[in-house]
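As a plain string of letters, each chain reads:
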Amino acid sequence: MGAIEDRLKSLNIDLPAAAAPVANYVPAVISGNWLIISGQLALGADGKLDPSHTGKIGAAVSVEAGRAAARRCAINVLAQAKAALGDLDRIRRCVRLGGFMNVAPGYSQMPPIMNGASDLIVEVLGDAGRHARSTIGVAELPLDSAVEVEALFEIVP
């Protein structure tokens, strides 16, 4: 096990199997020194959405559940990175996270929700996890997920 997997273990995080795509795309692309991870939903280890992670933030989904969903998305991002790279220690840094929040009309407090993903990436990668970020409220997400997170990593080729 490498340093990143040791850190995951110390945080009591087990990466699930990487989720299969649900449409005509690939879950990850490596181009040069870049690893791009397609948007990941808050799927649990069983491959299903927890009921508390479905619906609209600011309506049926609480702020706490939204943050937990964003954290779960980040775990799934790392699972996809491991599947693509074989060794998470090939990650040099997280360059960017993009977060999409399924929000009720008028809800505008997406940044604290997205911190669930950002905080996890920094916990796992340390300073190499500090990243640029976009956080966007949307009307709907696949499977009625509360959150979806995508990522861009710089990697060691």
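Before any of the text, the structure's been laid out above.
For clarity, every value in this text was computed on a predicted model and none was experimentally measured.

J.: Run through the nonpolar core, naming residues and quoting values.
T.: Proteins that are soluble and globular tend to have nonpolar side chains buried together. Core analysis: the biggest nonpolar cluster contains 41 residues, and Val147 and Phe153 have the highest contact counts within it. Of all elements in the fold, only helix H1 (3-10), strand E2 (34-41), helix H2 (63-85), strand E3 (91-102), helix H3 (110-125) and strand E5 (147-155) reach the threshold of two or more residues within this core. The dominant element in this core, judged by the number of residues it contributes, is H2, at 10 residues. Apart from the residues lying within four places of it in its own chain, the contact partners of Phe153 are Asn33, Trp34, Leu35, Ile37, Val77, Leu78, Ile91, Arg93, Cys94, Val95 and Leu125.

J.: Describe the state of the cysteines, with residues and values.
T.: In the structure shown here, the tally under the stated rule is 0 disulfides. Cys73 forms no disulfide, and the closest cysteine sulfur to it belongs to Cys94, at a distance of 14 Å. The class for Cys73 is buried, based on a relative accessible area of 0%.

J.: Talk me through the sheet that holds strand E1 (residues 28-31); I want residue IDs and the actual numbers.
T.: Strand order in the open sheet made by the 5 strands is E1-E2-E5-E3-E4, with mixed pairing throughout. Each edge of the open sheet is held by one strand with a lone partner, namely E1 and strand E4 (132-138). Taking each pair of neighbouring strands and ignoring which way they run, the sheet shows an average axis angle of 15°. As defined by bridge partners, E3 adjoins E5 across 9 bridges and the pair is classed as antiparallel. Bridging across to E5, Phe100 finds its partner in Glu148. H3 rests against E3, E4 and E5 of the sheet, and its axis sits at about 160° to E3.

J.: Let's hear about H3: which residues, and what values?
T.: Over its 16 residues, H3 extends 23 Å from the first C-alpha to the last, a length consistent with the 22 Å expected when each residue adds 1.5 Å. In the structure, H3 departs most strongly from a straight axis at Gly116, where the bend amounts to approximately 35°. For H3, every residue scored as buried is listed here: Met110, Ile113, Met114, Gly116, Ala117, Ser118, Leu120, Ile121, Val124 and Leu125. Following H3 by one or two positions, Gly126 has its phi on the positive side, about 65°.

Rules used in this analysis
- Residues numbered from 1 in each chain as written.
- Predicted model: local features only at pLDDT ≥ 70, side-chain atom pairs only at ≥ 80, totals over all residues.
- Heavy atoms only, no water.
- Core = buried A, V, L, I, M, F, W, Y, C linked by side-chain atoms within 4.5 Å.
- Buried < 20%, exposed > 50% of the residue type's maximum accessible area, 1.4 Å probe, protein only.
- Helix = DSSP H or I, 4+ residues; strand = E, 2+ residues; numbered from the N terminus.
- Contact = heavy atoms within 4.5 Å.
- Disulfide = S-S within 2.5 Å.
- Pairing = 2+ DSSP bridges.
- Axes fitted to C-alpha atoms, helices over the stretch in contact; angles between N-to-C directions.
- Expected span 1.5 Å × (residues − 1).
- Bend = angle between axes of the 7 residues up to and from the residue.

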